[in-house]
Amino acid sequence: MTDTDYETIRYRVADDVATISLNRPEKLHAMNKAMRLELAAAFTRAGEEARAILLTAEPPSAPGQKAGFCSGQDLETVREEELEDVVAREYNPMLRALVEAPIPSVAAVNGPAAGAGLHLALSVDITFAARSASFTAPFSRIGLMPAAGGSYWLPRLAGPQRAAGMAYLGEPISAEQAAEWGLIWKMVDDDALLETAEAAARKIARGPTAAFRFTKEAFRASLHSDFPTQLALETRLQGAAGRTEDYSEGVSAFLEKRRPVFRGR
């Protein structure tokens, strides 16, 4: 097991799962420059050291602190004239490192996710949320629009009407509503959240890593692909999957009526 403390996040690898925890509880894990750069580095590192990513946030570190997943941009650390540079140089590389990671990603949203924190939660492959969690796109309150991936994920996951409602009205939606809308995979009770998400991440880490990588590539491509193009991509990726050791092991295990032991290659 490796365990590394950064300035604004925690990073550890155990059972082939890289757990990355936001670690600014005194600021509701609001993102500053250091966090964005550290997250980008951690997502890239996880793709080299693990077979699954689990993204969450540290619990409150002092009495009276509120629990939260991520309250979005730390407005005390950015000026209006810097916004374009911040998005281009810090947010975009961070989110691309997560979305383009060669391994699956899971999030355990253990409190409010707002603004860029909402978009971070939606950028993983599978999102679990605590019953007490909420999701908010509050940009209209300060005269901004949903950047940092928001204009991409919200219409695709929630649909145009719901995306517009979230963006224009800025009202929080509950974890239960987010699950009903398809924004997230599943809502679970607060005290079961981390255990449930960790179990899912470990299960994925024991799976056929290459096949998951191909699945991830195909799903992302399907968001902007036509049917014939998608069929051609599936054909190519399935051919590659069929040449992996995990495929041979999966077939052998099926014929021998035993549980497969995938090595991720």
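Relevant structure appears above.
To start, this report covers the structure provided alongside it. (Residues numbered from 1 in each chain as written. Predicted model: local features only at pLDDT ≥ 70, side-chain atom pairs only at ≥ 80, totals over all residues. Heavy atoms only, no water.)

**A closer look at the side chain of S21**
So, point 1. By the element assignment, S21 lies in strand β3 (residues 17–22).
So, point 2. Judged by its relative accessible area of 6%, S21 is buried.
So, point 3. Of the polar contacts made by the side chain of S21, one reaches the side chain of E58; its length is 3.2 Å.
So, point 4. In this structure S21 touches T8, I9, R10, T56, A57 and E58, once residues within four positions along its chain are discounted. (Helix = DSSP H or I, 4+ residues; strand = E, 2+ residues; numbered from the N terminus. Buried < 20%, exposed > 50% of the residue type's maximum accessible area, 1.4 Å probe, protein only. Polar contact = N/O pair within 3.5 Å; in protein donor to acceptor, adjacent residues only side chain to side chain. Contact = heavy atoms within 4.5 Å.)

**Describing the packing of helix α1 (residues 33–49) against helix α2 (residues 83–99)**
So, point 1. Closest axis-to-axis distance for the α1/α2 pair is 8 Å, and the angle between their directions is 30 degrees. Between α1 and α2, the interaxial angle falls into the category roughly parallel. Here α1 runs over α2; the crossing is left-handed. Contacts from K33, R36, L37, L39, A40, F43 and T44 of α1 reach α2 at V86, E90, Y91, P93, M94, A97 and L98.
So, point 2. Taken together, the residues of the contact of α1 with α2 break down into 10 nonpolar, 1 polar and 3 charged. (Axes fitted to C-alpha atoms, helices over the stretch in contact; angles between N-to-C directions. Parallel < 35°, antiparallel > 145°, perpendicular 65-115°, else oblique. Left-handed = near helix turned anticlockwise from the far one by under 90°. Nonpolar A, V, L, I, M, F, W, Y, C, P; charged D, E, K, R; others polar.)

**Topic: the packing of aromatic side chains**
So, point 1. Scanning all chains against the criterion turns up 2 aromatic pairs.
So, point 2. Taking the centre distance of 6.4 Å and the plane angle of 75 degrees together, the rings of Y6 and Y11 count as edge-to-face.
So, point 3. On the accessibility criterion, Y6 (24% relative accessible area) is partly exposed.
So, point 4. Residue Y11 is classed as buried on the basis of its relative accessible area, which comes to 0%. (Phe/Tyr/Trp six-rings, centres within 6.5 Å; stacked < 30°, edge-to-face > 60°.)

**Focus: the pairing of β3**
So, point 1. With 6 of 6 residues buried, β3 is to be regarded as a mostly interior element.
So, point 2. Neither face of β3 is left uncovered, since the one carrying V17, T19 and S21 and the one carrying A18, I20 and L22 both have all their residues buried.
So, point 3. Counted between consecutive antiparallel strands, the loop separating strand β2 (residues 9–14) from β3 contains 2 residues, among which D15 sits at a positive phi close to 55 degrees.
So, point 4. Pairing between β3 and strand β4 (residues 52–57): 6 bridges, direction parallel. Note that in β4 the partner of I20 across the bridge is L55. (Pairing = 2+ DSSP bridges.)

**Digging into the sheet that holds strand β8 (residues 134–136)**
So, point 1. Strand order in the open sheet made by the 3 strands is β6-β8-β9, with mixed pairing throughout. Here the strands that pair on one side only, and so sit at the sheet edges, are β6 (113–114) and β9 (173–174).
So, point 2. With 2 bridges connecting them, β8 and β9 associate as antiparallel partners. In the strand pairing of β9, S134 is matched with S174.

**Structural notes on a nonpolar patch on the surface**
So, point 1. A surface patch of nonpolar side chains, about 470 Å² in accessible area, is lined by Y247, V251, F254 and L255.
So, point 2. Summarising the element assignment, Y247 is placed in helix α10 (residues 245–255). (Patch = residues over 30% accessible without salt bridge, like charges linked within 9 Å, V, L, I, M, F, W, Y side chains within 5 Å. Areas by Shrake-Rupley, 256 points an atom, 1.4 Å probe, with all protein chains shown as cover. Salt bridge = Lys/Arg side-chain N within 4 Å of Asp/Glu carboxyl O.)

**Brief notes about the nonpolar core**
So, point 1. Ranked by internal contacts, the top residues of the largest apolar core, which has 56 residues, are I20, L39, F43, L120, F135 and L183.
So, point 2. Considering each element in turn, this core owes the most residues, 7 residues, to α2.
So, point 3. If we ignore the near neighbours within four places in the chain, the residues touching F43 are I20, I53, L55, M94, A97, L98 and L120.
So, point 4. Counting residues in hydrophobic clusters, the runner-up holds 14 residues, among them A130, V188, I204 and A205. (Core = buried A, V, L, I, M, F, W, Y, C linked by side-chain atoms within 4.5 Å.)

**Brief notes about α1**
So, point 1. Along its 17 residues, α1 runs 24 Å from first to last C-alpha, staying within 8% of the 24 Å computed at 1.5 Å per residue.
So, point 2. Listing the buried residues of α1 in full gives A34, M35, R36, E38, L39, A40, A42, F43, A46 and G47. (Expected span 1.5 Å × (residues − 1).)

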